[in-house]
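# Structural characterization, general
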Amino acid sequence: MFYPQNVEITHIYAPHPSVKAMLGFAGNALLDTLFRMHPKSEGNSVFPTSSGGKGIEKNIVTISLTAQTQDVKISLNTDESYSLTIAPYYEGQGRRLHVEINAVTYFGARHGLETLSQLVAFDEVHECLQMVSQSTIHDQPSFKYRGLMIDTSRNFIPVKHLKKMVDGMAQNKLNFLHWHLTDSNSFPFYSKSVPQMTRYGAYSEAEIYSPKEVRDLILYSKLRGVKLLPELDAPAHAGNGWQWGPLEGLGDLALCVNAEPWRQFCGQPPCGQLNPLNQFTYIVLGEIYKDMLDLFDRDLFHMGGDEIYFQCWYNNAEIQNWQRNRSTFDLMDLWGHFQQTAFKKLKEANGGNYITPIVWTSDMTSRGRIHLNPVDYIIQVWTTGMSNEVKELLSENYKLIFSNLDSNYLDHGFGTWLGRDHLWQIKTWQDLYDNDLGKIVEFHLGVNRSREAFRNGQILGGEATLWSEKVDQHNLEMKLWPRSAAFAERLWTNPLNRSESVYPRLLHHRNRMVNRGIHADRIQPESCHQISGYCIDPYSVI
Amino acid sequence: MLKQAAKIFKSYLLEMHPDNSNGNGLSNFLIAKGSANDKNRKISISLSVVWPDTVVKIGVDESYTLALIPSNDAKLIQVSIIANTYFGVRHGLETLSQLIAFNDDTGTLTIVQQATITDKPAFTYRGILMDTARNFIPISYLKRLIDGLSYNKLNMFHWHITDTHSFPFQSKRLPLMTQYGAYSSRKIYTIEEMKDLVEYGRIRGVKVLPEFDAPAHVGHGWEWGPSNGFGNLAVCLESRPWPLYCVEPPCGQLNPINDKMYNVLGDLFKDFLDIFENDLFHMGGDEVHFNCWNTTDEITKWLIDNGRGVQKEDFVQLWAEFQERAYGQLKDANNGKKLDAILWTSELANEEHVTKYLSNSTYIIQIWSNGYEEGKIIPFLIKNGYRTIFSNVDPWYFDCGYGAWVGDASNNWCSPYKGWQQVYTNSPIKILANYTGEDEAEEAYKAGLILGGEAALWSEQVDEQSMESKIWPRGAALAERLWSNPSTDWYTAEGRMVHHRERLVDRGLHPDMLQPEWCHHNDKLCHG
């Protein structure tokens, strides 16, 4: 039993002052979390300072933090492991606990502090905190890539709420926030070089991300162990924002923008697709890439590349000409040309340095893979897990991130937004938890080759996606949490099955998240939390 | 009351300014870019009420007439709202607020210049049920729920206040109830809070209708009998394995053969009627599990000692006797005055038993059966003269679709999630007509046997963190069904729904989002 004011970060070891400073930040964040464990706290300390003779105020917890390297960039190679020991020792009056967190990188140490916070609970009777008094933990994630995706184009999400999303990710040791920044609906990313994009494409002046806000969000996320991964989806899913070409003498940068009837030209309204035969399209694209790479890390970039509708392109006279000259009915070659040129622009924007592109599964990944070199590209799977395409991609040595829509689509359900389309069941926390990547890969490759694929680092991890047709800041958190916490456990621990202990753990963790300010959905009655183990079906066998 | 309604209306106007959250109130508007002309424009509103009604009751007149008349130079718009009751005028102000919009270019408000509206609800009972026993909902959030009801002219907040899980209702006569039954000392509704809530609702045209569910769906809160010389007030509390004794954990059911239990019930009813209005009471009455009683020695012994059996019909009869005695206690608590009681559809209210045990002059039946698959009970109840409230689970259960909360299934029992379109389409009259033909259904409606409808948010998987996006804006779709009973389908209401959702946000609610903002900017282009 102790009070949070008696917790002290006594030692911080790091090979570089900036890492030390980051560790200091993470340590203070833990102290803040501890103060917030009091149900009456609103960020301030309301713990008593004396226990009226019980001596609680004499008990002290000391923490020492070590990060061995000066690595402060999250990449697919970041070592996130940590070890954590808690041991009692004796010195003076009162009880003493010493906590030692040791990690290769800052990010591992940060995760260790996150774990430590979960070993502490509020003691209602004594109005103090309690902590596991002796423990040794060696921990590391099963998968490198543990991501969430948020779409800020269908509906705009204020930065303040993206920060809260990052808070939630940090609490669950998720490490990649894939930011689907733009789409055909709106273009909220302010491009310094091409301000026309937001002028034409933002929903309103108030619904724009300024470079300053983006930079701030990137730093905010990094401190919390989260890498921000930008996506500029192209050539489809681009429309509003790209209309200004003709007015400025650049011709059509995008085609069929907001075209009707939409069903003829795209998968969902509003339509829009970049014009692959206009050289200015690539120049503008390159400028936006540069603006993005000025802000974001330069090792990974999401190029989108999903849901191309050739019907949109077919309708354009210039493209018809191009096609006639090649006597081909298949526009895959044209798309391939787009993809290769765009990738070239991306590399140029990166000062000619190598950068790894990610693309979604699409027509190109199923029958145009010639345009995607597996040495370069990471493929994000959004087919079902059991789709034959996954097998083909695995067999051809592509590295994969799984967002298979049979379990990882957080936006599914909640009614349709588009007439009678899109009637899906909600993907429940159980669905997310049960999405075992090992089983999927084994299904496709068999046991031995599956092991090989894991060994070769082909299976990077998973990502749960929240497309925002029916999401804004008012329901964002209840749609993310606690389902993404179940998802996080799947990717961090990769458990063999969903045992009965998951229910109470998730229920408790959900309350922990609420306590830290996240508006997570409720998954069970409070009685289930109070009578642990009673809220199961005694006749079911998991 | 009218002054309070006017004050609420004025707050709506301030909330229309996008910068409202800065707390500057009216001054947001005073820096408007609008012309001097705009600044000199005036709107004067007169409110008149004919009758002195001050309580929302079944059958209360909620009609109103609203007229907007511009002066010749358009500098003055005179608004008059006339209604038979306060509640009609209040609804009129609600409508008036929807004829006003914020103009982004000028920073001012704009209003429809000229209009005459004569309006009244199609159904007298337009409700939302919130359960505060599975999970506790802080009273401030119940106020926000009432706010939402009032924005949508819904008039009943059906408060499923207790259940087996917890007993958060503070009883003046029986403080042991919360002492044993509340989740914690912080999770109790005090008498003052509840009285305040009733008044808060009344001003907003919303009746707070309490439910005390019995004899099943009780348990926690009733444990104190044996140690206080009252015997077992409830039985099978937390019995295991639970599927043998109840429909969901934890189990618990009142002990119908314990005379002292009825006295306790009577005291509770008195406490309820001290706080709530005394014209209508929900007595619950659903999902009685006979095996609970049948495995309780005290009860089976009593049955046998009294020369009765332990077959299903014996338990139905025992339940019916419970219901009769419970109602007697309720009536006594109401100083011997009869009051309408609502019961859920159940084994007792089914075709076999309802006419035998439940009088149609006392009981209103709330239907939660699936409207089409198991809805034969509906024409039966109507034919036998019961007044009904529709809450058919197929679209009007707002808790459906999420992950299972018990067992290993993936989705919960009443999945899938009910989209607003289904909520909107669900027509009580059409459901009935499906069985009886349109003429008979229309007749039943005219005879006042279809009082209205209610959407239910059972709270196994809800607390204040997510309740608003589960209720809204679907509750608005429900409201339009029950107020206008439209013959057009959801398709024509879509643009209106999307816009109204933003109105709810302006007023501070956290509703679900229905479509990309692009669809709001481009009306009618987001159709399948």
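Residues numbered from 1 in each chain as written. Chains lettered and ligands numbered in written order. Predicted model: local features only at pLDDT ≥ 70, side-chain atom pairs only at ≥ 80, totals over all residues. Heavy atoms only, no water.

## Topic: the overall build of chain A
When its secondary structure is counted, chain A shows 17 helices and 17 strands. For 542 residues, the compact-globule estimate of 2.2 N^0.38 gives 24 Å, and the C-alpha radius of gyration of chain A, at 25 Å, lies within 12% of that figure. Principal-axis analysis of the C-alpha atoms gives chain A an extent of 90 × 55 × 45 Å. Across the 542 residues that make up chain A, the buried fraction comes to 62%. Long-range pairs, those at least 24 residues apart, make up 74% of the contacts in chain A with a sequence separation of at least 6. Total accessible area on chain A stands at roughly 20400 Å², and carbon and sulfur atoms take up 50% of it. One finds the centroid of the 51 positive side-chain charges in chain A at a distance of 3 Å from the centroid of its 59 negative side-chain charges. (Helix = DSSP H or I, 4+ residues; strand = E, 2+ residues; numbered from the N terminus. Rg over C-alpha atoms; globule rule 2.2 N^0.38 Å. Buried < 20%, exposed > 50% of the residue type's maximum accessible area, 1.4 Å probe, protein only. Contact = heavy atoms within 4.5 Å. Areas by Shrake-Rupley, 256 points an atom, 1.4 Å probe, with all protein chains shown as cover. Lys, Arg positive; Asp, Glu negative; His and termini not counted. Charge placed at Lys NZ, Arg CZ, Asp CG, Glu CD.)

## A short note on the packing of aromatic side chains
Per the stated rule, a full pass over the model turns up 49 aromatic pairs over all chains. With 5.5 Å between their ring centres and 40 degrees between their planes, Y282(A) and F338(A) make a pair best called tilted. Taken together, the residues span a long stretch of sequence, with Y282(A) in helix α6 (residues 279-295) and F338(A) in helix α9 (residues 332-349) at a distance of 56 residues. Taken together, the ring pairs in this structure connect F136(B), F157(B), W159(B), F167(B), F169(B), Y189(B), F212(B), W222(B), F269(B), F272(B), F276(B) and F281(B) into an aromatic cluster. Of note, K173(A) hangs over the ring of W492(A), and the distance from its end group to the ring centre comes to 5.4 Å. (Phe/Tyr/Trp six-rings, centres within 6.5 Å; stacked < 30°, edge-to-face > 60°. Lys NZ or Arg CZ within 6 Å of the ring centre and 35° of its normal.)

## Here we look at the state of the cysteines
Residue and element names in this part refer to chain A. For the structure shown, the criterion picks out 7 disulfides over all chains. Between the sulfur atoms of C528 and its disulfide mate C535 the distance is 2.0 Å. Taking the torsion about the S-S bond as the criterion, the C528 to C535 disulfide, at about -80 degrees, is left-handed. Note on C528: relative accessible area 4%, which makes it buried. The buried category is assigned to C535, whose relative accessible area is 5%. Should the bonded cysteines of chain A be numbered as they appear in the sequence, the pairing reads 1-4, 2-3, 5-6. (Disulfide = S-S within 2.5 Å.)

## What about the pairing of strand β13 (residues 300-304) of chain A?
Each regular strand shows side chains that alternate between the opposite faces of the sheet. Residue and element names in this part refer to chain A. A large share of β13 lies buried, amounting to 5 of its 5 residues. Of the two faces of β13, the one holding L300, H302 and G304 and the one holding F301 and M303 are both buried throughout. Both strand β10 (residues 227-234) and β13 contribute to a ladder of 2 bridges, which runs parallel. Note on β13: the bridge partner recorded for A234 is G304. Two strands pair when backbone bridges link them, and β13 and strand β14 (residues 356-360) are joined in this way by 4 bridges, in the parallel orientation. Paired with L300 across the two strands is T356, which belongs to β14. (Pairing = 2+ DSSP bridges.)

## Brief notes about the sheet that holds strand β17 (residues 459-466) of chain A
Sheet strands pair via backbone hydrogen bonds, and the direction of the pair is either parallel or antiparallel. Taken in spatial order, the 8 strands line up as β8-β9-β10-β13-β14-β15-β16-β17 (chain A) and close into a barrel, and their pairing is parallel. Each neighbouring strand pair of the sheet contributes to a mean axis angle of 30 degrees, computed without reference to strand direction. (Axes fitted to C-alpha atoms, helices over the stretch in contact; angles between N-to-C directions.)

## Examining helix α11 (residues 388-395) of chain A
Residue and element names in this part refer to chain A. Of all the residues in α11, the buried ones are E389, V390, L393 and L394. Projection of α11 onto a plane perpendicular to its axis shows the buried side chains occupying an angular sector of 135 degrees, all on one side. Against the buried residues of α11 lie α10 (363-367), β15 (378-381), β16 (399-402), α13 (437-455) and β17. Measuring from the backbone nitrogen of E389 back to the side-chain oxygen at the start of α11 gives 3.1 Å, which picks out S387 as the cap. (Arc of directions from axis to C-beta. Polar contact = N/O pair within 3.5 Å; in protein donor to acceptor, adjacent residues only side chain to side chain.)

## Some remarks on the pairing of strand β8 (residues 156-160) of chain B
Residue and element names in this part refer to chain B. Taken across its 5 residues, β8 has 5 buried, putting it largely inside the fold. Going residue by residue along β8, you find M156, H158 and H160 tucked away on one face and F157 and W159 tucked away on the opposite face as well. Bridge count for strand β7 (residues 125-131) against β8 is 5 bridges, and the pairing is parallel. Looking at the pairing, D131 lines up with H160 of β8.

## Concerning the interface of chain A and chain B
Opposite the 61 residues of chain A that make contact, chain B presents 61 residues. Each partner contributes to the roughly 4900 Å² buried at the junction of chain A and chain B, and carbon and sulfur atoms together form 52% of this total. If you sort the residues of chain A by the area they bury against chain B, H474(A), E526(A) and Y534(A) come out on top, with a joint share of 15%. Residue E124(A) is joined to R186(B) by a salt bridge in which the shortest nitrogen-to-oxygen separation is 2.8 Å. Linking chain A with chain B are 36 residue pairs in polar contact (both at pLDDT 80 or more). Going through the elements one at a time, α12 (429-434), α14 (476-480), α16 (502-515) and α17 (526-530) of chain A are the ones with two or more residues in the side of chain A that touches chain B. Here the side of chain A that touches chain B takes 4 residues from α17(A), the largest share from any one element. (Buried area = accessible area lost by both parts, 1.4 Å probe. Salt bridge = Lys/Arg side-chain N within 4 Å of Asp/Glu carboxyl O.)

## Some points on the nonpolar core
As a rule of thumb, nonpolar side chains are buried together in soluble globular proteins. Counting residues in each nonpolar core, the largest one holds 154 residues, and the members touching the most others are F157(B), W159(B), F212(B) and W222(B). Examining the composition of this core, we find that 10 residues originate from one element, helix α11 (residues 312-333) of chain B, more than from any other. Setting aside residues no more than four positions away along its own chain, W159(B) makes contact with M130(B), T132(B), I139(B), L142(B), Y189(B), M194(B), L197(B), V208(B), L209(B), P210(B), E211(B) and F276(B). One finds V194(A), L346(A), I440(A) and W481(A) within the second-largest nonpolar core, a separate group that totals 108 residues. (Core = buried A, V, L, I, M, F, W, Y, C linked by side-chain atoms within 4.5 Å.)

## What to know about a negative patch on the surface
All names here are of chain B. Taken together, the side chains of E438, D439, E440, E442 and E443 present a region of like negative charge at the surface. The residue E443 is located in helix α17 (residues 438-446) in this model. Under the relative-accessibility criterion, E443 is labelled exposed at 56%. (Patch = residues over 30% accessible without salt bridge, like charges linked within 9 Å, V, L, I, M, F, W, Y side chains within 5 Å.)

## Description of the layout of surface pockets
Size it by volume and the second largest pocket reaches roughly 1500 Å³. P39(A), N511(A), N515(A), R186(B) and K187(B) are, among the 38 residues lining the second largest pocket, the residues nearest its centre. Listed by contribution, the elements that provide at least two residues to the lining of the second largest pocket are β5 (120-123), α16 and α17 of chain A. The greatest single-element share of the lining of the second largest pocket, amounting to 6 residues, is contributed by α16(A). Class assignment for the residues of the lining of the second largest pocket results in 11 nonpolar, 13 polar and 14 charged. (1 Å grid on protein atoms, 1.4 Å probe; cavity = no way out; pocket = protein on both sides within 12 Å on 5 of 7 lines; lining within 4 Å. Points joined across faces, edges and corners; volume = space filled by probe spheres on them. Nonpolar A, V, L, I, M, F, W, Y, C, P; charged D, E, K, R; others polar.)

## Observations regarding the sheet that holds strand β7 (residues 135-139) of chain A
All names here are of chain A. The strand order β1-β2-β4-β3-β7 describes an open sheet built from 5 strands, whose pairing is mixed. With partners counted over all chains shown, the strands left at the sheet margins are β1 (7-13) and β7, one partner each. When the angles between neighbouring strand axes are averaged without regard to direction, this sheet yields 15 degrees. As paired strands, strand β2 (residues 60-67) and strand β4 (residues 96-103) are joined by 8 bridges and run parallel to one another. Each residue of the ladder has a partner; that of T66, found in β4, is N102. Packed on one face of the sheet, helix α2 (residues 106-118) meets β2, β3 (82-89), β4 and β7 and runs near 45 degrees to β3.

## Side note on the environment of I257(B)
Residue and element names in this part refer to chain B. Following the sequence through the fold, I257 ends up in the loop between β11 (253-254) and α8 (259-275). Using a relative accessible area of 15% as the deciding quantity, one classes I257 as buried. C-alpha separation for the pair I257 and N392, spaced 135 residues apart in sequence, amounts to 33 Å. The residues touching I257, leaving out its near neighbours within four places in the chain, are E298, I299, W302 and L318.

## Notes on unusual backbone geometry
Residues and elements named next belong to chain A. The omega angle of the peptide bond from W481 to P482 is 5 degrees, so this bond is cis rather than trans. Position of P482 among the secondary structure elements: in the loop between α14 and α15 (483-493). The phi angle at E127 is positive, at roughly 55 degrees, despite the residue not being glycine. Turning to its location among the elements, E127 is positioned in the loop between β5 and β6 (128-131). The backbone of N258 shows a phi angle near 60 degrees, a positive value even though the residue is not glycine. Mapped onto the secondary structure, N258 falls in the loop between β11 (254-255) and β12 (273-274). By relative accessible area, N258 is classed as partly exposed at 27%.

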